[in-house]
Amino acid sequence: MHHASFNPLPREFYTRKDVVKIAQELLGKVIYTSVENVISSAIITETEAYEGVTDKASHAYNNRRTARTEIMYMNGGHAYVYLCYGIHSLFNIVTSATSDPHAVLIRAIEPLAGIESMKLRTGKSVINTKNATGPGNVSKLLGIKVAHSGIDLCPVSESECEIWIQDDGRKVPDTEIKISKRIGIDYAAEDALLPYRFQWIKSKKAP
DNA sequence: CCAATGATTGCCT
DNA sequence: GGCAATCATTGGC
């Protein structure tokens, strides 16, 4: 049922205009990382959309361009990774076209593979394989660092890529998607209320 | 040059 | 619920 052969999402998935729709569709997709000769993977279970130049919560609000945010102006399908609070690397996926700086923040995952490496990276003896929450933790588990900012998520060959995302066939029912306002952006005034946060809350199986 | 700060986390009471 | 940790980035001087 779930196929895990190398099959990255195509560029066209990321270059669409509607970052909110893409954020929702990323639920159930699988992130793969190949760092330090280890493959890790995890299902995306929580995302947030950041809607470019019109979104007060976005780093690119009002066409703000700095060395850091320049990555957001790349074509869809690139990684935008930045350091938050001096401690945490936050992994985002750039979407839409070149010069339209949309991005999706990955906030929680369900780890699948590379669990032993995740233990080493986090220093934890137990990894939550049901729902590992927190964007800083996501990057730590998968080995994603600020140095990955700007890399292409649409690689041609498996050998030369460090991060990519696949649709491995998991269906996320609309009834299992919780939509709410985004976290930690109180400074964004009325935009802090936008329903741009998506969580896959799996229903418990019947006994 | 330099002070302020953040798309957070984990540990405290 | 409160709050400290910790530093690259940012913007102002």
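Here, the structure is the one placed above.
Residues numbered from 1 in each chain as written. Chains lettered and ligands numbered in written order. Predicted model: local features only at pLDDT ≥ 70, side-chain atom pairs only at ≥ 80, totals over all residues. Heavy atoms only, no water.

### Here we look at the protein's contact with DNA strand C
In the vicinity of DNA strand C, the contacting residues are Arg 64, Thr 66, Ala 67, Arg 68, Thr 69, Leu 83, Tyr 85, Gly 86 and Ile 87. Among the atoms of DNA strand C close to the protein, meaning within 4 Å, 78% are from sugar or phosphate groups. Residue Arg 68 places a side-chain N or O atom 3.3 Å away from a phosphate oxygen belonging to DNA strand C. The separation between a sugar or linking oxygen of DNA strand C and a polar main-chain atom of Gly 86 is 3.3 Å. Taken together, the residues that form the surface near DNA strand C break down as four nonpolar, three polar and two charged. (Near = heavy atom within 4 Å. Polar contact = N/O pair within 3.5 Å; in protein donor to acceptor, adjacent residues only side chain to side chain. Nonpolar A, V, L, I, M, F, W, Y, C, P; charged D, E, K, R; others polar.)

### Focus: the side chain of Thr 122
Structurally, Thr 122 is set in helix α3 (residues 115-122). A polar contact is formed between the side chain of Thr 122 and the backbone oxygen of Met 118, at a distance of 2.7 Å. A polar atom in the side chain of Thr 122 sits 3.3 Å from the backbone nitrogen of Lys 124. Residues within four places of Thr 122 in sequence aside, it is in contact with Ile 127, Lys 140 and Leu 141. (Helix = DSSP H or I, 4+ residues; strand = E, 2+ residues; numbered from the N terminus. Contact = heavy atoms within 4.5 Å.)

### Points about the protein's contact with DNA strand B
Inspection of the region around DNA strand B gives 21 residues, with Tyr 82, Asn 92, Gly 134, Gly 136 and Tyr 187 positioned closest. In DNA strand B, atoms within 4 Å of the protein come from the sugar-phosphate backbone in 51% of cases. In the model, a base nitrogen of DNA strand B is placed 3.3 Å from a nitrogen or oxygen of the Tyr 82 side chain. Between DNA strand B and Asn 137 there is a distance of 3.3 Å, counted from a phosphate oxygen to a side-chain nitrogen or oxygen. Mapped by element, the contributors of at least two residues to the surface near DNA strand B are β3 (79-84), β4 (88-95), β5 (102-113) and α4 (135-142). Here the surface near DNA strand B is composed, by residue class, of 12 nonpolar, eight polar and one charged.

### Let's talk about α4
Residues three or four positions apart in an α-helix share a direction because the helix packs 3.6 residues into each turn. Among the eight residues of α4, six are classified as buried, and the element is accordingly described as predominantly covered. Listed as buried for α4 are Pro 135, Gly 136, Val 138, Ser 139, Leu 141 and Leu 142. Tucked inside the fold, the buried residues of α4 contact β1 (30-35), β2 (38-50), β4, β5, α3 and β6 (132-133). Once α4 ends, the next one or two residues include Gly 143, with phi positive near 80°. (Buried < 20%, exposed > 50% of the residue type's maximum accessible area, 1.4 Å probe, protein only.)

### Some remarks on the packing of α3 against α4
For any two helices packed against each other, one specifies the crossing angle of their axes together with the interaxial distance. It is at 7 Å that the axes of α3 and α4 come closest, and there the two elements cross at 120°. Taken together, α3 and α4 sit at an angle that is classed as oblique. For the pair α3 and α4, the contacting residues are Met 118, Arg 121 and Thr 122 in the first and Lys 140, Leu 141 and Leu 142 in the second. Residues belonging to the contact of α3 with α4 are distributed by class as follows: three nonpolar, one polar and two charged. (Axes fitted to C-alpha atoms, helices over the stretch in contact; angles between N-to-C directions. Parallel < 35°, antiparallel > 145°, perpendicular 65-115°, else oblique.)

### Quick look at the pairing of strand β7 (residues 163-166)
Residue alternation in β7 divides its side chains into two sets, Ile 163 and Ile 165 and Trp 164 and Gln 166, and both sets are buried. When β1 meets β7, the two strands line up antiparallel, connected through four bridges. Note on β7: the bridge partner recorded for Tyr 32 is Trp 164. (Pairing = 2+ DSSP bridges.)

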